[in-house]
Amino acid sequence: MQPKLFKVLVGKEIRDDFNDSIQIFSPINNQIIGSIPRVKNKYQIDKICHEAKEAFAIYKNTSFESRKNKLLNFCELLNKNWDEISNLIVQEIAKSKRDAIKEIERTIDYIKLTIDEYEKMINKQPMIIDSNVHNIKGKTGKFYYEPLGVVLAISPFNYPLNLLMTKLAPALISGNVVVYKPATQGSCLGAFISLLLYESGFKNGEVSCVIGKGSEVGDWLIENSDINMITFTGSTSVGKRISQLNPLIPVSLELGGKDAAIVLKDADIAKTAANIVKGAFLYNGQRCTGIKRVLVDDKVAYKLVDAINYEINKLTVGSASEGNFDVTEMISANSIKYNLHLLLDALQKGALTDQNIRLINNNILAPIVLYNVNSNCKIYYEEQFGPVLPIISFKSIESAIEINNESEYGLQASIYTEDIELANKIAKSLDVVTVNINQSPSRGPDIFPFGGIKNSGKGMQGIKEAIISMNRIKGVIEND
Ligand code: NAP
Ligand code: G3H
């Protein structure tokens, strides 16, 4: 079967030179799904970034209304092309069609909310600071938001549309231009989206999509001196590399996590187990906010393991191409290998499981719960990003807090208890950014600030915070 050819928008040009292209394979069956013109050398990257800088000089002076209309056109095109987009998500990353459609709907809402929030921000400007505010004598300070310039957006495979647009929408509405690099597994969609952006009106070089492997093109992009801001979502190792290569540039880094579900002895065990299973196994555990470990009071540990085992049996497992299964193909053979490695390591070191290890078609790993997990097991600390859930028991709330906080990660956590006052108190002691009570961790609702500390990130996202991160304040001071 001939792969589909995906043209790609690079500045003002739509590239269709397929003699030097990248081939994308589906994790479902390893078949080629697409071929896309790729960027192959530093010279090309430098040219793209330089042209983006030139486009910025014009785009930054366009009106809010014109930028808003282009983004609204884009939302319409997402709506119109929902079937093709969701099919691409299914083929390229093996997400179920049901969840792919949810991703499109969420993205449209996200873009519209971004436009609204930006409008509120600019309607309030200039922010005036004068004698009425601070008893400042003889001065009126007027402060405005200004776009930063060329924003480099690097996005991960797991939300190939949504986590791309959470970067592009705030950048473009603010008057920045964008050079973006989608994950290799997600590049067909990334290229397709670039054409929709063009059709929406971004025709003057405001948007460039760079297709290429991160390991090959990453450094050229990160170190490029025409880039004014980097927004990245992905692994901690690449996040650290960005900080090392370009330490002074404004960055937003959304990185890995090891979010804990902390279960106290008074929790409603049946409800808690159902919620934990959803939070841990959605999209095969390939979410930064997935529950990656359960910390449970040892008085209710076995009861919880039984309840989780019961819930796991309800999960449907099968190919993303054949139905809306809860657990589908993993993104790569390496991910499967790593999860199996963590599993076997834990079993050797005393952990137990009541499930059989089941590998279906070599690329679907059926969900597994490990209990009696101890601190010698790698999965106690390492981010599995897969459908394996470790359960660790604790003897006191203090030790649960300690286990949570000794992690290198600090994204989110959840606490399950009937004692909301106690949960609030514990939440304050956890070294994470967000704590959900009786609900698994999650990024949304998207208007909430979202971010991580320690190895989970730098800077904040969420609709308002993303806009703020892509603007600088310009002050004009009038002196009497
Ligand atoms: P990844 O390997 O870091 O990839 C993320 C993006 O970075 C991809 O576009 C990738 O391109 C690119 N990349 C890879 N190497 C690069 C380099 N040397 N320079 C520049 N870019 C490079 O992460 P992943 O495996 O896709 O995602 C899993 C990780 O991301 C997990 O740790 C997860 O927790 C984290 N994540 C965090 C969040 C959050 O919001 N906190 C959200 C999603 C995922 P290629 O695909 O071409 O390699
Ligand atoms: O994978 C990381 C995403 O930011 C998680 O988003 O909590 O909506 O699944 P989510």
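Residues numbered from 1 in each chain as written. Chains lettered and ligands numbered in written order. Predicted model: local features only at pLDDT ≥ 70, side-chain atom pairs only at ≥ 80, totals over all residues. Heavy atoms only, no water.

As a further point, take the pairing of strand 4 (residues 21-25). Taken together, the five bridges between strand 4 and strand 5 (residues 32-37) define a ladder with antiparallel strand orientation. Residue pairing in the sheet places Gln23 in a bridge with Ser35 of strand 5. Connecting the antiparallel pair strand 4 and strand 5 is a turn made up of six residues, with Asn30 showing a positive phi of about 65°. (Pairing = 2+ DSSP bridges. Helix = DSSP H or I, 4+ residues; strand = E, 2+ residues; numbered from the N terminus.)

Turning our eyes to something else, we now look at the pattern of salt bridges. Applying the stated criterion to the full structure yields 24 salt bridges. Between Asp17 and Arg15 there is a salt bridge, with its nearest N and O atoms 2.9 Å apart. Look at Arg15 and you get buried, because its relative accessible area is 8%. Residue Lys40 pairs with Asp20 through a salt bridge whose shortest N-O separation is 3.6 Å. In this pair, Lys40 is assigned in the loop between strand 5 and helix 1 (42-59) and Asp20 in the loop between strand 3 (13-15) and strand 4, connecting sequence segments 20 residues apart. Look at Lys40 and you get partly exposed, because its relative accessible area is 43%. On the basis of relative accessible area, Asp20 is assigned to the buried category, the value being 18%. (Salt bridge = Lys/Arg side-chain N within 4 Å of Asp/Glu carboxyl O. Buried < 20%, exposed > 50% of the residue type's maximum accessible area, 1.4 Å probe, protein only.)

Strand order in the open sheet made by the three strands is 1-5-4, with mixed pairing throughout. Each of the sheet's edge strands pairs with one partner strand only, and the pair in question is strand 1 (4-5) and strand 4. Looking at chain direction, strand 1 and strand 5 are connected through two bridges and run parallel. From the neighbouring strand, Leu5 faces strand 5, where its bridge partner is Ser35. With respect to the sheet, helix 7 (residues 187-200) is in contact with strand 4 and strand 5, its orientation differing from that of strand 5 by roughly 50°. (Contact = heavy atoms within 4.5 Å. Axes fitted to C-alpha atoms, helices over the stretch in contact; angles between N-to-C directions.)

Time to look at the site of ligand 1. Around ligand 1 sit 29 residues, and of these Ser155, Thr184, Ser235, Leu255 and Glu383 come closest. Note that an oxygen atom of ligand 1 is positioned 2.7 Å from one of the backbone N or O atoms of Ser155. Between ligand 1 and Glu383 there is a distance of 2.6 Å, counted from an oxygen atom to a side-chain nitrogen or oxygen. Tallying contributions element by element places helix 8 (residues 214-222) first for the shell around ligand 1, with four residues. (Near = heavy atom within 4 Å. Polar contact = N/O pair within 3.5 Å; in protein donor to acceptor, adjacent residues only side chain to side chain.)

A cluster of nonpolar side chains, contributed by Leu113, Ile447 and Phe448, occupies part of the molecular surface with about 240 Å² of accessible area. Among the structural elements, Ile447 can be located in the loop between strand 21 (434-437) and strand 22 (450-451). In this structure Ile447 comes out as partly exposed when scored by relative accessible area, which is 31%. (Patch = residues over 30% accessible without salt bridge, like charges linked within 9 Å, V, L, I, M, F, W, Y side chains within 5 Å. Areas by Shrake-Rupley, 256 points an atom, 1.4 Å probe, with all protein chains shown as cover.)

So, about the sheet that holds strand 6 (residues 127-129). Spatially, three strands are ordered 6-7-26 in an open sheet, and the strand pairing comes out antiparallel. Every other strand in the sheet has two partners, leaving strand 6 and strand 26 (471-479) as the edge strands with one partner each. Ignoring strand direction, the axes of neighbouring strands in this sheet form an average angle of 25°. Pairing between strand 6 and strand 7 (residues 139-147): three bridges, direction antiparallel.

This next bit is on the site of ligand 2. Surveying the vicinity of ligand 2 reveals the residues Arg106, Asn158, Tyr159, Arg287, Cys288, Thr289, Ser442 and Arg443. Here Tyr159 contributes a side-chain N or O atom positioned 2.4 Å from an oxygen atom of ligand 2. With respect to ligand 2, the backbone of Cys288 contributes an N or O atom lying 2.7 Å from an oxygen atom. Here ligand 2 has 310 Å² of accessible area as a free molecule, and 96% of this is covered by the chains. Within the shell around ligand 2, the residues separate by chemical class into two nonpolar, three polar and three charged. Residue contributions to the shell around ligand 2 reach at least three from each of two domains, namely domain 1 (4-255 + 457-479) and domain 2 (260-447). (Nonpolar A, V, L, I, M, F, W, Y, C, P; charged D, E, K, R; others polar. Domains from an automatic or database assignment.)

Once that is clear, we can look at the side chain of Lys292. Mapped onto the elements of the fold, Lys292 is located in the loop between helix 10 (269-281) and strand 14 (293-297). Residue classification places Lys292 among the buried positions, given a relative accessible area of 1%. Among the polar contacts listed, one links the side chain of Lys292 to the backbone oxygen of Arg287, at a separation of 3.0 Å. Those residues in contact with Lys292 that lie beyond four places of it in its chain are Gly257, Lys258, Asp259, Gly285, Arg287, Glu383, Gln384, Phe385, Leu389 and Pro390.

Attention shifts here to the domain arrangement of the protein chain. Split by domain assignment, the protein chain resolves into domain 1 (4-255 + 457-479) and domain 2 (260-447). Each of domain 1 and domain 2 has a C-alpha centre, and these two points are 31 Å apart. Facing 26 residues of domain 1, the contacting portion of domain 2 comprises 24 residues. When the two sides are added together, the surface that domain 1 and domain 2 hide from each other amounts to roughly 2100 Å², 55% of it contributed by carbon and sulfur. Contact with domain 2 buries area across many residues of domain 1, yet Ile28, Arg98 and Phe157 alone supply 24% of it, more than any other trio. At the junction of domain 1 with domain 2, the criterion picks out two salt bridges. Put simply, Asp446 and Arg106 hold a salt bridge, and the shortest N to O gap is 2.8 Å. (Buried area = accessible area lost by both parts, 1.4 Å probe.)

This next bit is on the packing of aromatic side chains. Applying the stated criterion to the full structure yields six aromatic pairs. By the ring-pair criterion, three or more aromatic residues cluster together here, those being Phe157, Tyr283 and Phe385. The ring of Tyr59 carries the charged tip of Arg67 above its face, separated from the ring centre by 6.0 Å. (Phe/Tyr/Trp six-rings, centres within 6.5 Å; stacked < 30°, edge-to-face > 60°. Lys NZ or Arg CZ within 6 Å of the ring centre and 35° of its normal.)

In this section: the pairing of strand 7. Relative to strand 26, strand 7 runs antiparallel, the two being bridged by nine bridges. The residue of strand 26 that forms the bridge with Thr140 is Glu478.

Formed by 82 residues in total, the largest nonpolar core has its most connected members in Leu78, Tyr180 and Ile193. For this core, the element with the most residues is helix 4 (residues 97-123), which contributes eight residues. Every residue in contact with Leu78, bar those within four places of it in the chain, is listed here: Ile85, Ile104, Thr107, Ile108, Ile111, Leu161, Ile193 and Leu196. One finds Ala260, Cys377, Ile403 and Ala413 within the second-largest nonpolar core, a separate group that totals 28 residues. (Core = buried A, V, L, I, M, F, W, Y, C linked by side-chain atoms within 4.5 Å.)

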